[in-house]
Amino acid sequence: MIRLAEGVHRLESGGFVNSYLITGGSDLTLIDAGPARRAPALLAELKANGYSPTDIGRVVVTHVHADHVGGLSLLLTQRHIRVFAHPLEIPALTGLVPVPSLRGPLGFLVETFAEQFLPWKPVEAAFPTEPGHPVRGLPQWQVLHTPGHTAGSLSLYEPVRQILLCGDLLSNRGGRLHPVAGSLNRDPGAVERSLKAVSAMDVDILGCGHGPEVRGGAFRHIEKLVPA
Ligand SMILES: [Zn+2]
Ligand SMILES: [Zn+2]
């Protein structure tokens, strides 16, 4: 795993999808669970770093897409682990409603790929978290609602060290920071507004759902992506 800061690591076992590990409290927090078939590798990565599945206290889900929630089913065989998500994502996360579909030919392609290669199962229950309603056990981190990619996409922000974990609001695949392709966002207008809000924040280290982290004055890179 890659260290972003003391107690904040990016897990490498997810392949093209990032999960983050936050340590330092009495237990561990995972941000996103990665694809289902990478879940054994995720647990192996934790084990290689001295942690066991019983150390995980909670998983915060940035949004309900199969590449970020597939690993939950294996993790939740540990019955004590709690799942947190924005209230707008919980109906899809718990299987009450289908995951809203993507738009256009690219969206169709991605969904066809996901159905075949990224199976996932809804969870039985999830706890809501949103701005002003932090995740229990994670008091140093603020929850931001950064909708657009999905309606209830959230980001996590640690203001002391200015770390932002933004899910799929931005991608850094290939080391090139960019917004996720338009048709893969439910509401491109909302993505622009979320980006604008985030670009006004002090962000030193940025961790995206895909690709490596951006270190040292990440806000400068985010600013450039906001449409004039
Ligand atoms: Zn996504
Ligand atoms: Zn993603």
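Being a predicted model, the structure only gives us computed values, none of them experimental.

Student: What should I look at first to understand the overall build of the protein in this one?
Tutor: When you go through the protein residue by residue, the secondary structure sums to seven helices and 13 strands. Compactness check: the protein gives a C-alpha radius of gyration of 16 Å against a globular reference of 17 Å for 228 residues, within 12% of the reference. When the backbone C-alpha atoms are referred to their principal axes, the protein occupies close to 45 × 40 × 35 Å. When burial is assessed residue by residue, the protein has 43% of its 228 residues classed as buried. For the protein, the proportion of contacts with a sequence separation of at least 24, taken over those separated by at least 6, is 63%.

Student: Could you clarify how one ought to interpret the nonpolar core in this entry?
Tutor: As a rule of thumb, soluble globular proteins bury nonpolar side chains together. In this structure, Val59, Val61, Val83, Leu93, Cys166 and Leu206 are the most contacted members of the largest nonpolar core, which totals 55 residues. In contact with valine 59, other than residues within four places in its own chain, are Leu30, Ala33, Leu72, Leu75, Ile81 and Val83.

Student: What is the right way to read helix H5 (residues 104-117) from this model?
Tutor: A turn of α-helix holds 3.6 residues, and therefore any two residues three or four places apart point the same way. Between its terminal C-alpha atoms H5 stretches 20 Å, which fits the 20 Å expected from 14 residues at 1.5 Å a residue. Across the 14 residues that make up H5, only a small minority, zero, are buried.

Student: Mind showing me how you'd approach the sheet that holds strand E2 (residues 8-11) here?
Tutor: Remark on secondary structure: sheet strands pair via backbone hydrogen bonds, oriented parallel or antiparallel. Strand order in this open sheet of seven strands is E1-E2-E3-E4-E5-E6-E7, and the pairing throughout is mixed. Every interior strand has two partners, whereas the edge strands, strand E1 (2-5) and strand E7 (127-128), have only one. Here three bridges tie strand E3 (residues 19-22) to strand E4 (residues 28-31), and the two strands are oriented antiparallel to one another. The residue of E4 that forms the bridge with isoleucine 22 is threonine 29.

How each quantity is defined
Residues numbered from 1 in each chain as written. Chains lettered and ligands numbered in written order. Predicted model: local features only at pLDDT ≥ 70, side-chain atom pairs only at ≥ 80, totals over all residues. Helix = DSSP H or I, 4+ residues; strand = E, 2+ residues; numbered from the N terminus. Rg over C-alpha atoms; globule rule 2.2 N^0.38 Å. Buried ≥ 20, exposed ≤ 12 C-beta atoms within 10 Å, placed from the backbone. Contact = placed C-beta atoms within 7 Å. Core = buried A, V, L, I, M, F, W, Y, C linked by C-beta atoms within 7 Å. Expected span 1.5 Å × (residues − 1). Pairing = 2+ DSSP bridges.

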